[in-house]
Amino acid sequence: MADDLTLQRGGETLALRKTETRFTARPQAPEVISTLAQQVTAQCLNQIPVGSRTEAVLLEFEVAEASQLTPTMDRTRDRPDVAFVSHVYSLVDNPGTLVYLADDLTIEFAESVSQPARQALTESLGLGDETPLVGLDHAFIYRVTREAIENPIKIANRLIEREDILAAEPNIVTHSAPSYRPSDRYYPQQWYLNHHGGPDLAPDSHIAAEQAWDITRGDRSIVVAIADDAIDLNHPDFQGIGKIVAPRDFRNRDGLPLPERDSDNHGTACAGVCLAEETGEGIVGIAPGCALMPLATTGYLDDRSIEELFDWAIERGASVISCSWGASAVYFRLSMRQRAALTRAARLGRHGKGAVIVFAAGNANRPTQGEINEQGWTQNILSGTTKWLSGFAAHPEVIAVSACTSLNQKAAYSNWGQEISVCAPSNNAPPGIWLQETGYVNTAPVIRKSLLGKGVFTSDRSGDRGYSPSDYTHGFGGTSSACPLVAGVAALVLSVNPNLTAAEVKAILEKTADKIVDPESDPQLGTRFGQYDGDGHSKWFGYGKVNAYQAVLAAKQQSQVPLSVTRRVRGRNERQIAIPDGDANGITSPIRVRDRLTVVEVEITLELDHPDWGDVEVMVLTPEGETVMLQGRGIRGQGLFRQSYDFNNTPQLKRLLGRSAEGNWALKVCDRAAGDTGVLNFWQLTVGLGS
């Protein structure tokens, strides 16, 4: 008989334990959430989003005594406004990690299973809403309906016993945790970009940014997604024409990923390291000329949230995706859907070239994948032989980043292992990990020696909230800081050679990295992994410390000779169209191009008449379905507006280089604010073509 105390995950079976006083309920509809939270005879602890759909919310409840759990769950399950009720679990081998059960299930069938047989089986189990899992043949996602007689864990365990089922996984929700805990060390300069020596600074412990900037400071057509808690878009470091692209708050389901909670400070610091604009004030990121896609995550790592995050990024043009976080778990294996989401982004992003995905390795001073004999932990939360796994950092198509110090040594906290791709300079501090039940705890044994190394100076949340009272912090660090630094170098690489695939970018970063060596033993575990094996790889440093100049130089040398324009085609649509007031759908005006040659140049000219230009957004829609923003709402003026857009003044258009020109192009104009109406008079498209 199927049980609900083992979990199928990435080909492994993990042991579960039910919590004694907690359960979750999913409301039938969003409008009953507040009523349900008040009427259930238990304390409502939390609202847990599962993806970003409004109705996909779990309410977490806690009863006063363990004896009340089952009857309270039964009464809640019988309510007509409740779609799903489940126990809250913990993983036996992951103390401090709670597991919440969503109401969907992923099943991979044997190739021989026909569609009618698949439908008959799933319907008999109370599964509905079949959705193919893109990237994995014969795999489908199902919703567990009210007709199901068992929960998703039991159903998965029952299915996995069948010969015609290759895999079955329920969607579980766990808390995400930032990889960084800031220290209070101050340092007023960005030594990690370039320095010329000084106290606690080893020679060449920077990443040679100034030499790289002689070649490129980044291009607006290269968009870096910073996926984190929130980003302060009002900060002076993130201002500039075309700087912000496709912002998204997955927690609040809107386009304003701004800090709200006191703890929403991490993403702003990461974005500063990577992308702070060169303004003459504040700081400068490693890739100041590139664009920022700010993404505020839900804070949870269920399948839907990961899919929505990475799909949003690649569908809206992210070239690089920087993730300074991981699971709040000792051992976290990716589900099929999570693996598929990362693989999809790494292979299909950037129109088949792949988005470069960069993950922080973590700050526990533990292997990204391996075993440690644990002793001396607070509350004895870990003891004996313990398996460690950072599922996201261990994904084979991800760039996993460890941290080194201003002295070119291993940062004491940095995770390590065979999965590390490169390292980058950051601060030095004792290792630790954030677990849901304990909060932040130092890993054991305690390090007694002093830890030398400078902190990272970066952007901080504006005003007196944040890591410091000012708009900047002197003490950022962790692999959280190393990760966006590498992501920014990847963005510089793509700025000089956008034709590179994600795999080629990773290979360039590894090949051009500096082989720093640390002969000292680890101050906590006593290991010595600061040397390189026959393949040039170190468990501590990967293939070495990232070198921005050498990476950009190699990418430039590898770039192809640009195509020359053989001829130009021009289309013009002079049909006047009224622009509806306050309508986000706007109007579209088409132009057909019948030539199959490659796009080398693009120029778009338009004329419209509107009493308030600041109400209007203008976009071009390409034959491949991509949307490129030409004009946002930042412009001021009224009356007749005439403007031309090309690669020089609108770098986002460079994303169209090398595409086929054939098909239907369209200009889209939207009036985003009520009160004034206008008209599009005409627009013209000129495409330079190469063979």
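Anyway, here's the lowdown on the structure attached to this text.

What counts as what
Residues numbered from 1 in each chain as written. Predicted model: local features only at pLDDT ≥ 70, side-chain atom pairs only at ≥ 80, totals over all residues. Heavy atoms only, no water. Pairing = 2+ DSSP bridges. Helix = DSSP H or I, 4+ residues; strand = E, 2+ residues; numbered from the N terminus. Axes fitted to C-alpha atoms, helices over the stretch in contact; angles between N-to-C directions. Salt bridge = Lys/Arg side-chain N within 4 Å of Asp/Glu carboxyl O. Buried < 20%, exposed > 50% of the residue type's maximum accessible area, 1.4 Å probe, protein only. Disulfide = S-S within 2.5 Å. Phe/Tyr/Trp six-rings, centres within 6.5 Å; stacked < 30°, edge-to-face > 60°. Lys NZ or Arg CZ within 6 Å of the ring centre and 35° of its normal.

### Examining the sheet that holds strand E33 (residues 663-671)
- Ordered by their spatial adjacency, four strands build an open sheet running E28-E33-E30-E31, and the pairing between neighbours is antiparallel. Strands with a single pairing partner mark the edges of an open sheet, and in this sheet they are strand E28 (583-593) and strand E31 (627-631). Pairwise comparison of adjacent strand axes, ignoring direction, gives a mean angle of 25 degrees for this sheet.
- With six bridges connecting them, strand E30 (residues 616-621) and E33 associate as antiparallel partners. From the neighbouring strand, Met 619 faces E33, where its bridge partner is Lys 668.

### A closer look at the pattern of salt bridges
- Per the stated rule, a full pass over the model turns up 34 salt bridges.
- With a closest N to O distance of 3.2 Å, Arg 304 and Asp 104 form a salt bridge. Of this pair, Arg 304 sits in helix H7 (residues 303-315) while Asp 104 is found in strand E6 (residues 98-109), placing the two residues 200 residues apart along the sequence.
- Among the residues examined, Arg 304 registers a relative accessible area of 9% and is labelled buried.
- Here Arg 672 ties to Glu 617 by a salt bridge, and the two come within 3.1 Å at their closest N and O atoms.

### Thoughts on the sheet that holds strand E21 (residues 420-425)
- Pairing in this open sheet of seven strands is parallel, and the strands run E12-E13-E11-E14-E17-E20-E21 from one edge to the other. Both edges of this open sheet fall to strand E12 (248-249) and E21, since each of them pairs with a single strand only.

### Overview of unusual backbone geometry
- Note that the residue after Ala 444, namely Pro 445, is joined by a cis bond; omega there is -5 degrees.
- By the secondary structure assignment, Pro 445 is in the loop between strand E23 (439-442) and strand E24 (456-459).
- With a phi close to 60 degrees, Asp 200 is a non-glycine residue in the positive phi region.
- Within the element layout of this structure, Asp 200 appears in the loop between strand E10 (176-178) and helix H5 (209-213).
- On the basis of relative accessible area, Asp 200 is assigned to the partly exposed category, the value being 29%.

### A short note on the pairing of strand E20 (residues 399-404)
- Burial runs high along E20: six of the six residues are buried.
- Burial along E20 is two-sided: the residues Ile 399, Val 401 and Ala 403 and Ala 400, Ser 402 and Cys 404 are all buried.
- With three bridges connecting them, strand E17 (residues 356-360) and E20 associate as parallel partners. By the bridge assignment for E20, Val 358 is matched with Ile 399.
- Of the pairings in the sheet, the one linking E20 to E21 comprises five bridges and is parallel in character.

### Some details on the state of the cysteines
- Throughout the structure, instances matching the rule amount to zero disulfides.
- Here Cys 323 is not cross-linked by a disulfide; its sulfur's nearest cysteine counterpart is in Cys 483, at 6.6 Å.
- In this structure Cys 404 is a free cysteine whose sulfur lies 3.8 Å from that of Cys 423, the closest cysteine sulfur available.

### Let's talk about the packing of aromatic side chains
- Across all of its chains, the model carries 17 aromatic pairs by this definition.
- Ring geometry for Trp 416 versus Phe 529: centroids 5.2 Å apart, planes at 50 degrees, classification tilted. Linking Trp 416 in the loop between E20 and E21 with Phe 529 in the loop between helix H10 (502-511) and helix H11 (548-558), this pair joins segments that are 113 residues apart in sequence.
- Note on Trp 416: relative accessible area 7%, which makes it buried.
- Across the ring face of Trp 312, the terminal group of Arg 316 is positioned such that the distance to the ring centre comes to 3.4 Å.
- The ring of Trp 540 carries the charged tip of Lys 410 above its face, separated from the ring centre by 5.8 Å.

### Let's talk about the pairing of strand E14 (residues 318-323)
- Of all the six residues making up E14, six are buried; the element is thus mostly covered by neighbouring parts of the structure.
- Bridge count between strand E11 (residues 223-228) and E14: five bridges; the pairing is parallel. Counterpart to Val 223 in the pairing with E14 is Ala 318.
- Alignment of E14 against E17, held across four bridges, turns out to be parallel. Opposite Ile 321, over in E17, you have Ile 357 as the bridge partner.

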